[in-house]
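Each chain, letter by letter, is given below.
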Amino acid sequence: MEKFKKNLWNAVLIILISGGVAAGVTALVIENKNDGRGLRAGEADGSFKQPVRLTTYDGVAAENTDFTYAAEKTVHAVVHIKVTSTVSVGRQYTDPFEFIFGFGGDSRPRQQIRRGSGSGVIISTDGYIITNNHVIEGADSISVTLNDKRTFTGKVVGSDPTTDIALIRIEAEDLQPVTFGDSEKLKVGEWVLAVGNPFDLASTVTAGIVSAKGRSFLMGESNQEKITSFIQTDAAVNVGNSGGALVNTKGELVGINTMIFSPTGNFAGYSFAVPISIAGKVVSDLKKYGSVQRAMLGVIIADPEEARQRGDSKVKELEGAYVSDFAMRSSAKEAGVEVGDVITSVNGNKVTSVNSLQEQVIKYQPGDRVTIKVDRYGTEKEFSVELKNVQGNTEIIKGGGNSAEVLGAAFKVLSDKDKRSYGIGYGIEVYDVSKGKIRDCGIRKGFVIMIVNDQKIQTPEDFYGIVDKILKGGTDEKGLLIKGFYPNTGATRHYAIDLID
């Protein structure tokens, strides 16, 4: 009988709790009548002391979230990008007569046409489109199809392998661009939509939540200079989504879908997007200057916990970026920052890791002044720091300035894959050729420049720097001696350019 009463009491209790939910009850405390202590539920010996809490959290239930507005607002701003490129491939067999007698064959690499596809996002009414660098990298031709089925030829305005962001343009007017959102205000657990063209399925929309922010992800063997502060989501993203839009429920662009984590090559639960706080700044620089303006604090940073484990036992703050050393001409050091400081915020924005510090600093230009807070072994300090570029000054680099106009060509940094394929450790590729000295001397698109005036060329800025120095009279040299090769032949070629007519 006692057992029956106990079960009956439990059933009544469940009904009462259920009734409380229906009535909008937000918290319920159950008293234990047996011991007379009025303990909260779960406060038996050894258990956690928490109330039984039934809550609506004053939010919209997940099942009631409406994605239609965001989808309708975004699909017309997302485009389908198709590219073709010419690649060199090694020979598949060796002629036995050639092997034995040394004649009768051609050992040059064969040319092969490759096709790929991805997505892009319209960001202006006059045809500017943001996408991933890896979508258009090495492309001989770019075709852009709008959601209304119109097709245009795309032209690369600029690209940045460091962030895997590129800016292209089509000759069109009155387009429907996406509205930029604020990726820094995104919250973990917030709903987002991924819009793109997976497997060539145009205008595909998938939904998920923000799984993490500031996520680090390896991007190849050499990624020391990579910006890896991604938005991680569980929205389904597959091959073809690269360069597409990640938007919030307002239809605002908060990221550019870039990669997935998968053992199979297809979606396996995680996708990663470049925050628009980074991507937007990159394409703005590419449009305005022709190259990305890298603002730097001049600090070498590490994870605070790792620093403590490696011997700096005085570290108190474990969230942030630990200053382990300084670069030459460091503006942070000049401002008073010391080795051992943990940077915790930039202009009031919290820094929780090395990646989040990268994300904060990349938003600014050389010459900007920012306020950073540090934790110095338990004491908070604040410094005003003027950001500088990689050369240690605050000058804006306008895509090579006058040198870019004189040369009449666009250049790009070789990917690690290209370097391994060519068997070289440095060099830049002539990405596009227009009217100028490069075309006049006979250099064509695809030529790999390795050495200019006996100097190894790692980046386009290296090349522009040599040219600018000559044009400004900073050297006795009057021209350029360029050494490089065409990947399809491998033969070394030399070109001479007279800059001072």
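The structure under discussion appears in the preceding block.
These remarks concern the structure in this document. Remember, it's a predicted structure, so these values are computed and weren't measured experimentally.

Rules used throughout
- Sequence order sets the numbering: in each chain, residues are counted from 1 along the sequence as written.
- Given that the model is predicted, a residue must reach a pLDDT of at least 70 before its local features are reported, and side-chain atom pairs must reach 80 or more before they are shown or counted; all residues, however, enter totals for whole chains, interfaces and linings.
- As a convention, hydrogens and water are excluded, and side-chain values are obtained from all of the structure's heavy atoms.
- A run of H or I in DSSP becomes a helix once it reaches four residues, and a run of E becomes a strand once it reaches two; helices and strands are each numbered from the N terminus.
- Each residue is placed in one exposure class: buried if its accessible area under a 1.4 Å probe, protein chains only, is under 20% of its type's maximum, exposed if it is over 50%, and partly exposed if it falls in between.
- For this analysis, a polar contact is any N or O atom pair within 3.5 Å, provided that within protein one partner can donate a hydrogen and the other can accept it, and provided that sequence-adjacent residues contribute only side-chain to side-chain pairs.
- Two residue types count as positive, namely Lys and Arg, and two as negative, namely Asp and Glu; His and chain ends fall outside the count.
- By salt bridge we mean one thing: a side-chain nitrogen of Lys or Arg within 4 Å of a carboxyl oxygen of Asp or Glu.
- When DSSP finds at least two bridges between two strands, those strands are taken to pair.
- Under the pairing criterion, centres of Phe, Tyr and Trp rings, with the six-membered ring standing for Trp, must be within 6.5 Å; the plane angle then separates stacked pairs below 30 degrees from edge-to-face pairs above 60, leaving the rest tilted.
- In this analysis the charged atom, NZ for Lys or CZ for Arg, is taken to sit over a ring once it is within 6 Å of the ring centre and within 35 degrees of the ring normal.

**Digging into the side chain of Ser331**
Examined against the element boundaries, Ser331 turns out to sit in helix H7 (residues 331-335). Judged by its relative accessible area of 5%, Ser331 falls in the buried class. Reaching out from Ser331, the side chain makes a polar contact with the backbone oxygen of Leu297 at a distance of 3.2 Å. Here Glu386 takes part through its backbone oxygen, which lies 3.0 Å from a polar atom of the side chain of Ser331.

**Details of the side chain of Glu359**
If you trace the backbone, Glu359 turns up in helix H8 (residues 354-361). Nearest to the buried, unbridged Glu359 among oppositely charged side chains is Lys213, at 6.2 Å. There is a polar contact of 2.7 Å between the side chain of Glu359 and the side chain of Ser229.

**Things to note about the pairing of strand S10 (residues 204-215)**
Both strand S9 (residues 191-196) and S10 contribute to a ladder of six bridges, which runs antiparallel. Of the residues in S10, the one forming a bridge with Val195 is Val205. Relative to strand S11 (residues 230-233), S10 is paired through three bridges, and the arrangement is antiparallel. Each bridged residue has a counterpart across the sheet, and for Ala212 the counterpart in S11 is Gln232.

**Focus on the packing of aromatic side chains**
Summed over the entire model, instances satisfying the criterion amount to seven aromatic pairs. Ring geometry for Phe230 against Phe272: centres 6.2 Å apart, planes inclined by 70 degrees, an arrangement best described as edge-to-face. With Phe230 in strand S11 and Phe272 in strand S14 (residues 270-275), this pair connects stretches of sequence that are 42 residues apart. Phe272 shares its class with Phe230; the two are buried. Arranged with centres 6.0 Å apart and planes meeting at 70 degrees, the rings of Phe411 and Tyr464 form a pair that is edge-to-face. One end of the pair, Phe411, is in strand S21 (residues 409-413); the other, Tyr464, is in helix H12 (residues 460-471), with 53 residues separating them in the sequence. Judged by relative accessible area, which is 11%, Phe411 ranks as buried. Here Tyr464 falls in the buried class, since its relative accessible area comes to 9%. Ring-pair connections join several aromatic residues into one group, and the members of that group are Phe411, Phe463 and Tyr464. One Lys or Arg, Lys314, reaches over the ring of Tyr377 and ends 4.5 Å from the middle of that ring.

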